[in-house]
Amino acid sequence: MEFSFDFTKSPLFECILVGQFLCILTIASIVGMINALLASLVLHMGGQIDIMRKALVELSGTDNPCESLLIIRDLVFKHRKIVALSDKIESVFTVIALLQLLWNTLIICCSGLMIVISLSSNKGMTVLVKSTLLYVAKTIEVFVFCYAGEFLRAKSKSISDAAYESLWYDMSPSISRVLLLMIVRSQRRLTFTAGKIVDLTLDGFMSVMKASASYMSVIHAMY
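Being a predicted model, the structure only gives us computed values, none of them experimental.

J.: Any details on the UniProt feature "transmembrane region" (unreviewed entry) in the chain? Residues and values, ideally.
T.: UniProt records the feature "transmembrane region" (unreviewed entry) for residues 16–43, 92–120 and 132–152 in the present numbering. Its end C-alpha atoms 40 Å apart, residues 16–43 is made of 100% helix and 0% strand. Helix and strand shares over residues 132–152 are 100% and 0% respectively, and the end C-alpha atoms of the span are 30 Å apart.

J.: Outline the pattern of salt bridges, listing residues and values.
T.: According to the stated counting rule, one finds six salt bridges in the structure shown. Between aspartate 50 and lysine 155 there is a salt bridge, with its nearest N and O atoms 2.7 Å apart. You can see aspartate 50 sitting in helix H1 (residues 12–57) and its partner lysine 155 sitting in helix H3 (residues 125–165), a full 105 residues away along the chain. Classification of lysine 155 as buried rests on a relative accessible area of 19%. Linking lysine 196 and glutamate 90 is a salt bridge whose minimum nitrogen-to-oxygen distance equals 3.7 Å. A residue pair is termed long-range when its members are at least 10 positions apart, and lysine 196 in the loop between strand S1 (193–194) and strand S2 (198–199) and glutamate 90 in helix H2 (residues 65–119) qualify at 106 residues. Relative accessible area serves as the criterion here: at 62%, lysine 196 is assigned to the exposed category. Given a relative accessible area of 10%, glutamate 90 falls into the buried group.

J.: Kindly report on unusual backbone geometry, identifying the contributing residues and their values.
T.: Going from serine 10 to proline 11, the amide bond is cis rather than trans, its omega being 5°. Take proline 11: it is sitting in the segment before H1.

J.: Describe in detail a nonpolar patch on the surface, supporting the description with residues and values.
T.: Together, Val18, Phe21, Leu22 and Leu25 make up a nonpolar patch on the protein surface, roughly 400 Å² of accessible area in all. Topologically, leucine 22 is positioned in helix H1. Overall, the relative accessible area of 46% leaves leucine 22 in the partly exposed class.

Definitions and limits used
- Residues numbered from 1 in each chain as written.
- Predicted model: local features only at pLDDT ≥ 70, side-chain atom pairs only at ≥ 80, totals over all residues.
- Heavy atoms only, no water.
- UniProt positions renumbered as here; feature names shortened; annotations may be inferred.
- Helix = DSSP H or I, 4+ residues; strand = E, 2+ residues; numbered from the N terminus.
- Salt bridge = Lys/Arg side-chain N within 4 Å of Asp/Glu carboxyl O.
- Buried < 20%, exposed > 50% of the residue type's maximum accessible area, 1.4 Å probe, protein only.
- Patch = residues over 30% accessible without salt bridge, like charges linked within 9 Å, V, L, I, M, F, W, Y side chains within 5 Å.
- Areas by Shrake-Rupley, 256 points an atom, 1.4 Å probe, with all protein chains shown as cover.

Laid out in C-alpha cells, this is it:
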C-alpha cells in the first residue's frame with residue numbers, strides 16, 4: 001500500500017500493520033466459511049441421494065405391493081425435498097458464485113501476469129512467491145464452486161441409474177410406472193449456476209482458466 005504520509009514511524013507503522021492483518025484475516029475467514037457452507041450443503045445432499053439410491057436398489061418385486069408403494073411414496077417425497085433444497089441453495093449462492101467467478105478470473109489473470117513478469121526479472125523472487133500463492137489460492141477457490149456443481153450433477157443423475165437397476169421388471173405395472181416417472185424427473189439434473197448464466201461444472205472451471213490465460217496473454221502483449 002502507498003500512503004501520502006510517512007507511515008514508517010512507530011507506533012503508526014505497527015497500527016497499520018495490525019489493521020492490514022486483521023482485514024485480510026477477516027476477509028479470508030468469511031470466504032472460507034462461505035466455501036465450507038456450500039461444501040457441507042452439497043455433501044449433505046449427496047448423502048441423502050445415496051440413501052435414496054440404496055432404497056431404490058433394494059426394492060424387490062416379491063415385496064408386498066402396498067408396502068412397496070409406501071416406500072416409493074416416501075422416496076418421491078424425499079426427492080422433492082432434495083430438489084427444493086437444491087433450488088434454495090441455488091438462489092442463495094448464485095449471486096455469490098457470479099461475483100466470485102468474475103473477481104477470481106480477474107485476480108488469476110493479474111497474478112498470472114505478475115508471475116510471467118517476475119520470471120523475466122532478476123529481482124522478482126518476492127513478487128513471484130506472492131503471485132504464485134495468490135494464483136493457487138484463487139484457482140482452488142474457483143475449483144471448489146465448480147466441483148460442487150459437478151458433484152451435484154453426477155449425484156442427481158445417479159438416481160435414475162439406481163431406479164433402472166432395481167428389480168422393476170418383477171414389480172406390478174402400477175409400481176413400475178411410478179419408477180418410470182421418477183427416472184424421467186431425475187433426468188433434469190440438479191446444478192448450480194453463477195448468476196443463472198453459467199453452470200458451475202468442471203467444464204466451466206476450464207473455461208475460466210482458459211479465459212484468464214487469454215486475457216493474460218493479451219495484457220502481456222500490450223505490456
